[in-house]
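Reading the structure
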Amino acid sequence: MSTVRLGEALPLAALRDVYERPARLTLSAEALARIDRGANAIEAIVARGETVYGVNTGFGLLASTSIAREDLEALQRNLVLSHACGVGPLLSDAVVRLVLVLKAASLARGASGVRRETVLALQRLVEAEVYPCIPSKGSVGASGDLAPLAHLAALLIGVGEARFNGAVVPAVAALQEAGLKPLTLGPKEGLALLNGTQVSTALALAGLFEIEKVFAAGVVAGAMSTDALKGSDTPFDARIHALRGQPGQIAVAAALRGLMEGSAIRESHRAPGADDKVQDPYSFRCQPQVMGAVLDLLRACARTLEIEAFGVTDNPLVLEDGAVLSGGNFHAEPVAFAADQLAMALCEIGNISERRTAILVDPKMSGLPAFLVKESGLNSGFMIAQVTAAALVAENRMLAHPASIDTVPTSANQEDHVSMATHGARRLLDMAENAASVVAIELLAATQGLDFRHPLTSSRPLEDAAQEIRALVGRYERDRYFAPDIAAITAHVRGGALRKYVPGLLA
């Protein structure tokens, strides 16, 4: 179980841990003091009868409507109930856990005006592994993730459903499992819970973490394919990449050199005249340039999302001096841009992988048996596996259409420009699964290609990786039911098992 200190910056490694396993949250005395200061500021505003948006006014276009003090509790409850309009499949427990932690972390900054018991209730839900049922669709990424976060807030007031131990249970019963009773929301608390980019950010982080595993497997697969092709490692020479200077490119080239170092297959065709090929196809030769650009992009997006994870993104905000300012931190444009870039990165991981598989199955290009099977003709081998990879990369290209360039005015044109970050981030999980299958097909093809090069062997790391594949899927001697093979290696990729072969590439 990972431990997260609320009120402090959330490093990417801690966020990854929250995504992958249950978490424990801690609140320092300083964080509790900040929370209390913000809540006291809101209480003072109400006591003075001062009009402040979201505290004692309506919302959105109705912001000019003043709300009587005796109706403030109903105002916040009504906000939650009316905004819980989500539709579609529920978000996974892993994503919801991230959402809860991000929301608690944001509120713990003390700038949202909520009481400490509200933050402690979120803490308790996380630690009891009680996850609100949050439909995945219904947010446009401004003013925050209103609909999905309303489903989170609804659980706190005893409305809706939650998952506990894998079962869906009514909200009040779920709260009891966490040792909680339904909250009565104080002034601004409903708005603070609903406003914010936590769902978009959690989905983008989940996408990033899945992409990291696919990326690592793609680098390993690329090295295996290069050796199976009897390709050259000269394009990975450090001097080439130093002259360009792109850091991701330099790092990927170094990883590829390390993966291929000591390969007897490579040594067999290194001498002049041992190979009549002048240059390998781009999908082999330009791996550092393509995957290096992907790596640079992953690192940049990771930094954006790491910052956003600790951000205060509701509205209005309560400052240390008690001032309450209305702004627009709930607009998820940074997350939308990051999600669009991650989608492009996924496309390129899959595109270059599929091309290498296509080369390996082509006897004219690879020098290997047609479709990587003996007695081709009688056997079709990897023919349709490559078609599946082609279908998946085409689907990912369609899914990669930028979400951030779209906007639809909402709330009677008060919220007239929105980010569309939520579905831009949500699609990353489907795209990552597609790309994982594409890379899995390449890993199967490359392992089969290496088998055909025996008795020559590859490098120690690549032989070890190939043995992992063979421990899950036997050699393809003749046509057999192929889908389980792809599923097994896709699971291997998605489990992150191949990250250990490229330890320096990802944080």
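Preceding this section is the structure that the text describes.
1. Here we look at the overall build of the protein
- Looking only at helices and strands, the protein has 20 helices and nine strands in total.
- Seen through its principal axes, the protein has C-alpha atoms that stretch 90 × 50 × 40 Å.
- Sorting the 507 residues of the protein into buried and exposed places 56% on the buried side.
- Restricting to contacts in the protein with at least 6 residues of sequence separation, those with at least 24 account for 79%.
- Accessible surface, the protein: about 19900 Å² in total, of which carbon and sulfur atoms supply 55%.
- When the 46 positive and 54 negative side-chain charges of the protein are each reduced to one mean point, those points stand 4 Å apart.

2. Notes on the pattern of salt bridges
- The final tally for this structure, using the stated rule, is 27 salt bridges.
- Across the pair Asp233 and Arg270 runs a salt bridge whose closest N-O atoms are separated by 3.4 Å. With Asp233 in the loop between helix H9 (198–228) and helix H10 (238–244) and Arg270 in the loop between helix H12 (264–268) and helix H13 (282–285), this residue pair connects regions lying 37 residues apart in the sequence.
- The salt bridge involving Glu477 is made with Arg475; its shortest N-O contact spans 3.8 Å.
- Classification of Glu477 as partly exposed rests on a relative accessible area of 35%.
- Relative accessible area serves as the criterion here: at 27%, Arg475 is assigned to the partly exposed category.
- Here the salt bridges do not stand alone but share partners, grouping Asp233, Arg266, Glu267 and Arg270 into one network.

3. Considering unusual backbone geometry
- Along the chain, Asn315 connects to Pro316 via a cis peptide bond; the corresponding omega equals -5 degrees.
- Inspection of the secondary structure puts Pro316 in the loop between helix H14 (287–309) and strand E8 (317–318).
- The omega angle of the peptide bond from His454 to Pro455 is 15 degrees, so this bond is cis rather than trans.
- Even without a glycine there, the phi angle at Glu375 is positive, about 55 degrees.
- The topology assignment puts Glu375 in the loop between helix H16 (363–366) and helix H17 (383–399).
- Residues other than glycine seldom take positive phi values, yet Asn413 does so here, at roughly 70 degrees.
- When you line up the elements, Asn413 lands in the loop between H17 and helix H18 (421–452).

4. Thoughts on the packing of helix H15 (residues 333–361) against H18
- Where H15 meets H18, the axes come as close as 9 Å, and the angle between the chain directions of the two elements is 15 degrees. Considering their axes alone, H15 and H18 lie roughly parallel with respect to each other. Of the two possible hands of crossing, H15 and H18 adopt the one that is left-handed.

5. Some thoughts on the layout of surface pockets
- A volume near 780 Å³ is recorded for the largest pocket.
- Those elements that place two or more of their residues in the lining of the largest pocket are helix H3 (72–83), helix H6 (146–156) and helix H8 (189–194).
- A total of five residues in the lining of the largest pocket trace back to one element, the largest contributor, which is H3.
- Class assignment for the residues of the lining of the largest pocket results in 15 nonpolar, 19 polar and one charged.
- A volume near 240 Å³ is recorded for the second largest pocket.
- Taken together, 13 residues make up the lining of the second largest pocket; nearest its centre are Leu91, Ser136, Arg426, Leu429 and Asp430.
- Those elements that provide at least two residues to the lining of the second largest pocket are strand E3 (87–90) and H18.
- For the lining of the second largest pocket, the leading source of residues is H18, giving five residues.

6. Examining the nonpolar core
- Counting residues in each nonpolar core, the largest one holds 163 residues, and the members touching the most others are Phe215 and Leu505.
- Other than its neighbours up to four places away in sequence, Phe215 contacts Val252, Met291, Val294, Leu295, Leu298, Ile349, Leu505 and Leu506.
- Phe330, Ala403, Val418 and Met420 belong to the second-largest nonpolar core, a separate cluster that totals five residues.

7. Considering empty space enclosed by the protein
- One pass over the structure, following the stated rule, counts one cavity of 30 Å³ or more.
- Volume-wise, the largest cavity comes out at about 40 Å³.
- Taken together, Phe382, Leu444, Gln448, Arg470, Val473, Gly474, Tyr476, Arg480, Phe482 and Asp485 form the lining of the largest cavity.
- Taken together, the residues of the lining of the largest cavity break down into five nonpolar, two polar and three charged.

8. Some points on the sheet that holds strand E6 (residues 161–164)
- In spatial order, the strands read E4-E6-E7; together these three strands make up an open sheet with antiparallel pairing. Both edges of this open sheet fall to strand E4 (130–132) and strand E7 (167–170), since each of them pairs with a single strand only. Going from strand to strand, the sheet's axes swing by 35 degrees on average, the running direction of each strand aside.
- Those strands touched by helix H4 (residues 93–107) are E4 and E6, and its axis lies near 90 degrees from that of E4.

The rules we used
- Residues numbered from 1 in each chain as written.
- Predicted model: local features only at pLDDT ≥ 70, side-chain atom pairs only at ≥ 80, totals over all residues.
- Heavy atoms only, no water.
- Helix = DSSP H or I, 4+ residues; strand = E, 2+ residues; numbered from the N terminus.
- Buried < 20%, exposed > 50% of the residue type's maximum accessible area, 1.4 Å probe, protein only.
- Contact = heavy atoms within 4.5 Å.
- Areas by Shrake-Rupley, 256 points an atom, 1.4 Å probe, with all protein chains shown as cover.
- Lys, Arg positive; Asp, Glu negative; His and termini not counted.
- Charge placed at Lys NZ, Arg CZ, Asp CG, Glu CD.
- Salt bridge = Lys/Arg side-chain N within 4 Å of Asp/Glu carboxyl O.
- Axes fitted to C-alpha atoms, helices over the stretch in contact; angles between N-to-C directions.
- Parallel < 35°, antiparallel > 145°, perpendicular 65-115°, else oblique.
- Left-handed = near helix turned anticlockwise from the far one by under 90°.
- 1 Å grid on protein atoms, 1.4 Å probe; cavity = no way out; pocket = protein on both sides within 12 Å on 5 of 7 lines; lining within 4 Å.
- Points joined across faces, edges and corners; volume = space filled by probe spheres on them.
- Nonpolar A, V, L, I, M, F, W, Y, C, P; charged D, E, K, R; others polar.
- Core = buried A, V, L, I, M, F, W, Y, C linked by side-chain atoms within 4.5 Å.
- Pairing = 2+ DSSP bridges.

Any link to function would need more than the numbers given here.
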